[in-house]
Amino acid sequence: MASPLTGYLLVAALIFAIGLAGALTRRNAILVLIGIELMLNAANLNLVAFWRYGPHPEALTGMIFAIFSIAVAAAEAAVGLGLVISIYRHAKTTDLEQMNRMKG
Amino acid sequence: MQEGLAFTPQLSASNIAEWLWLVPAVPVVASGVIALLRQPKRKLASGIAIGSLCFSLLLAFVAFGHVLSGWSQGFAVREVVNFSWIQVGSAQVELGWVLDPLAAVMLVMVAFVGLLIFIYSIGYMAEDENYTRFFCFLSLFAGAMLGVVIANSILLLFMGWELVGLTSYLLIGFWYQKPSAAAAAKKAFLTTRVGDVFFLLGMVWLFAQTGTLLFYDHGVGSLEPLALGGLLVHHAAWGLTAAGAIGLLIFAGAVGKSGQLPLHVWLPDAMEGPTPVSALIHAATMVAAGVYLIARVYPLMSAGAIIRPFVTASGSTPALIVVTWVGASTAVFAALIAVAQNDIKRILAYSTVSQLGYMMAGLGVGGVAVGMFHLITHAFFKALLFMGAGSAIHGAHEEQDVRKMGGLKAAMPATFATYAVGMLALCGFPLLFSGFWSKDGILEAAQHWSVARGPFYLLVFGALLTAFYMTRQVSYVFLGEYRGHGHPHESPRVMTMPLAILAFFAIALGAVGTPAWPWFRGFLENRAVPFETAGFSEPGLAALMLTSSLVVLSGLGLGWWMYGNKSTKAEEPDALEKAMPPVWAVLRNKFYVDELYGATVIAFYWWSAKVADWLDRKVWGGIVAGVALVFSGWAQLNRFLDTNVVDGGFDKGCEEIATSGGLLARVQNGRGQIYLRLLAVGVVILAAILIWSGRQ
Amino acid sequence: MGVVFYLISALAVGGALAAVLLKNLVHAALALTLAFFGLALLFLRLDAQFAGFAQILVYVGAVAILVVFAILLTRGSELPKEGVFSKTWLVGLVIAAGVFAVLAWVVLQTGPWLPHEAATPAVTVNDIGQALMARYVLPLEIVAVLLTAALLGAVIVAMHEKERTK
């Protein structure tokens, strides 16, 4: 009988991969951020799953880690979206294919 | 010969001897000062020259007086001042000067005759634009000649000798724009050079053998008995002792300088120089230097013969035999050529060569005094004759061909009178003139020469010829009618005064050499000489005097008969030429000696110069070019390597880096998503590596 | 693994897929919300109640709204002309697939060693609070500073642009 952990891990991996695919293939900057959020969430799922089925869950390590991760992800989303908006104001577009000023 | 009291030697240097070096030094310094003057300062230049020579003459008189007083008190004066000049290894190069009767007499003669000629030159060179340069060279010559006279070190003598040769070159070629003058100067220098090489060899050999350069050095000098004894012990080649061989080598130097056979060829050509030069250098002094040299090293030349001091009696040395024969042959040879010359100065030049032969023969047969006496008297009357010739040339408007002169007796009486005195002295006219006594001294010694009688007959024949050609010359120049253009005129006082003074001495000097009172001989040989008419009664002496008088008179008569008082025209051939054309031709062409030299020596010289040139250009030049080629090729290779390999390689490398950099830069396309992809790929790869390594 | 698990998983995964694939951005943002919600349910199933509710509060309540705002402010509701996917979308897909493959492979390989059962942890909010204040106080403070900085930064970034356009 497979461990229940496996399932969770697989789901996390799947969501991670989906998020990565979105970040890598979509043109819109906001969707890249969406993909990044999905990846972070998948990581959180991993953490919590390991907390639940790992040794010493009473130490709360996994949970706290996940909570902090949520907090940081929220901050990062705020700043990132603020940047996207400011870029939009400057370049009038959010199309990543057109943003290659850092070329060379 | 009279035996006198043995003189005590006085060797310590007196005051005058210490200052004797000033005698040559002052004219040399004067020459330097004149050299710095500008050309227009003519009076100053001649003033300095004459002043310096006056000073030297004064010092010479003082020195002579000192020696004379010493002699009259019974001392044999020989004062020596030596000093060490430089040190080479363990050998010292020593120089020094000597004051003895021989030097004193020569000093006075050179300075006095020189001074007279300097004064004469003021008039003669008055119109020449290089007046200042002339006096500069004259002064230098005087200093050098005086240096030769007082030299006690053979090296110092040689230095003065060379300097005299140099100034002779400068003065013969004084009018250097004339090609003939320049060529004559070169010929003089090169011919005397040949003699000088032998002199140098002799000098070096003497130094090597005796260990000293000094003639007299308190017993260890090279002319003193100790050294001479050593030289006699060594045998060189052909049965000669070292003394004899060295003596011959030194004589070779004298042969060059005094124009003896076979190195006489330069002297007649030297007449290209101004007449004062001919008078001073090629009559009175420089050519006499050769004779003086032999007189100075006489102890060396006569070493081994049974001798009284300075005089060979019975048995001569090989060196002196050679000297005698060379002298006698030269005397006759030159006199023969003089008979057929047409240039007034050339006749006198050949006459000088001939008389120098007499002096050499005199040294060989009779010793120092005999030869030196003739040298002194000859200096006076030959200088007189040259200066008189110069005056005649001046008066005949620079004409030198005797065929175009004539009748100058009337136009130039003073010149004629003095010239006649000189001519008679040269011929040896009996009794009155110094030349008679000096030449007779030589003839007498030759008559009694134990080795052979040949020189005696040659010298007598020479006397005949001398009288003959001098009569011919005087007839052509002064007698008859003037065959030139324009009007001849007498020369100024500044030129005729020295002539008169010299004429006086040409007569008066005879008095110190007569058998009744052979003062000159006694002075040189350090013997007391009382005045004794009994001297005349020596056996054979009267006969000799008679013979020589007859010879002279017959020579004069012959000349007068052929040339005297005949008004010949300029274009007419010579009387002798008419009589004996082939003989005349040979004599006229100087026995073809110059042509002989040209065909042999000069031709060889040209050939070897060509060979040397070919060697230099083709062989050495080729080697140098080859080496250069190697280096050039090496440099080219280096350049190629540097440009292509080093630079090229470096450039290529840089290009590659730039290209690869450009390629890599394409990764930075500024698009975040691409960066992200790359990140993800990196993660995958890392994970794969971790897993796989973990699995191992 | 019960049916509930598969249902919730389907919700989460589906929401994620939809978020990434939908052309309309607003729809994508809403799908994202669904995905967040699904994940929160998964947290609850894992007995991590606090985490789950924190997830709903923060992600669903704040981040999703934030994304919607951003979309609206940048006119994301309009459909772009050239298409929503990049020209080289296949490469990205392949890479993501590669990542999933690696992760899945690892998980499946270590399957046998993973624990099967574990008791429900007796964790209360009190315990979490205690832990935050005691053991994890430093990270807490740092996160507080971080949040402040992020707040300030976002304000500044947004504000500067505002001043310029004025």
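Computed from a predicted model, the values in this text were never measured in an experiment.

## Things to note about the nonpolar core
Here is step 1 of the chain: The biggest cluster of nonpolar side chains holds 216 residues, and the ones touching the most others in it are Leu-107, Met-145, Ile-294, Ala-383, Leu-459 and Ala-506 of chain B.
Here is step 2 of the chain: A per-element tally of this core places helix H16 (residues 368-395) of chain B first, with 17 residues.
Here is step 3 of the chain: For Ile-294 of chain B, the residues in contact, after removing those within four places along its chain, are Phe-251, Ala-254, Met-301, Val-323, Met-360 and Leu-363 of chain B.
Here is step 4 of the chain: Counting residues in hydrophobic clusters, the runner-up holds 84 residues, among them Ala-12 and Ala-73 of chain A together with Ala-40 and Ala-131 of chain C.

## Looking at the pairing of strand S4 (residues 91-99) of chain B
Residues and elements named next belong to chain B.
Here is step 1 of the chain: The sheet contact formed by strand S3 (residues 79-88) and S4 spans 9 bridges and is antiparallel. Bridge pairing links Val-80 to Val-98 in S4.
Here is step 2 of the chain: Hairpin remark: S3 followed by S4, antiparallel, with 2 residues in the connecting loop; positive phi at Gly-89, about 65°.

## Quick word on the interface of chain B and chain A
Here is step 1 of the chain: Of the residues lining the interface, 10 residues belong to chain B; the matching set on chain A comes to 11 residues.
Here is step 2 of the chain: Tallying contributions element by element places helix H27 (residues 672-695) of chain B first for the side of chain B that touches chain A, with 5 residues.
Here is step 3 of the chain: When the residues that make up the side of chain B that touches chain A are grouped by side-chain class, the tally is 3 nonpolar, 5 polar and 2 charged.

## Some remarks on the confidence of the model for chain B
Residue and element names in this part refer to chain B.
Here is step 1 of the chain: The share of residues in chain B with pLDDT of 70 or more is 91%, and the mean pLDDT across the chain is 82.
Here is step 2 of the chain: Across residues 1-6 the pLDDT falls below 50, and counting only partners more than four positions away or on other chains, this stretch makes 7 contacts in the model.
Here is step 3 of the chain: Taken together, the chains of this predicted complex give a pTM of 0.64 and an interface ipTM of 0.90.

## Quick word on the packing of helix H12 (residues 286-296) of chain B against H16 of chain B
The packing of two helices is summarised by the inter-axis angle and the distance between the axes.
Residue and element names in this part refer to chain B.
Here is step 1 of the chain: Viewed as axis vectors pointing N to C, H12 and H16 meet at an angle of 160°, and their least axial separation amounts to 10 Å. If you check the angle between H12 and H16, you find them roughly antiparallel. In the packing of H12 onto H16, the handedness of the crossing is left-handed. Facing H12, whose interface residues are Ala-288, Val-291 and Ala-295, H16 presents Val-368, Gly-371, Met-372, Leu-375 and Ala-379.
Here is step 2 of the chain: When its residues are assigned to classes, the contact of H12 with H16 shows 7 nonpolar, 1 polar and no charged.

Criteria and thresholds
Residue indices follow the written sequence of each chain, beginning from 1 at its first position. Numbering of ligands from 1 and lettering of chains from A proceed in the order in which they are written. Per-residue local features of the predicted model are confined to residues with pLDDT of at least 70, and side-chain atom pairs are confined, for both listing and counting, to 80 or more; whole-chain, interface and lining totals are unaffected and use all residues. For this entry, the nonpolar core is defined as buried Ala, Val, Leu, Ile, Met, Phe, Trp, Tyr and Cys residues connected by C-beta atoms within 7 Å. Note on burial: count the other C-beta atoms lying within 10 Å of the residue's C-beta; 20 or more is buried, 12 or fewer is exposed, in between is partly exposed, and C-beta positions come from the backbone. Only DSSP runs of H or I with at least four residues qualify as helices, and only runs of E with at least two residues qualify as strands; both kinds are numbered from the N terminus onward. In this description, a residue-residue contact is defined by the distance between C-beta atoms placed from the backbone, which must lie within 7 Å. For two strands to pair, DSSP has to find at least two bridges joining them. Ten residues, namely Ala, Val, Leu, Ile, Met, Phe, Trp, Tyr, Cys and Pro, are considered nonpolar, four, namely Asp, Glu, Lys and Arg, are considered charged, and the remaining ones, Gly among them, are considered polar. Each residue carries a pLDDT score, the predictor's confidence in it, ranging from 0 to 100. Axis definition: a line fitted to C-alpha atoms, limited for helices to the stretch in contact. Angles are taken between N-to-C directions and run from 0 to 180 degrees. Here the word oblique covers every angle except those under 35 degrees (roughly parallel), over 145 (roughly antiparallel) and from 65 to 115 (roughly perpendicular). In this scheme the handedness of a crossing depends on how the near helix is turned from the far one: anticlockwise by less than a right angle means left-handed, clockwise means right-handed.

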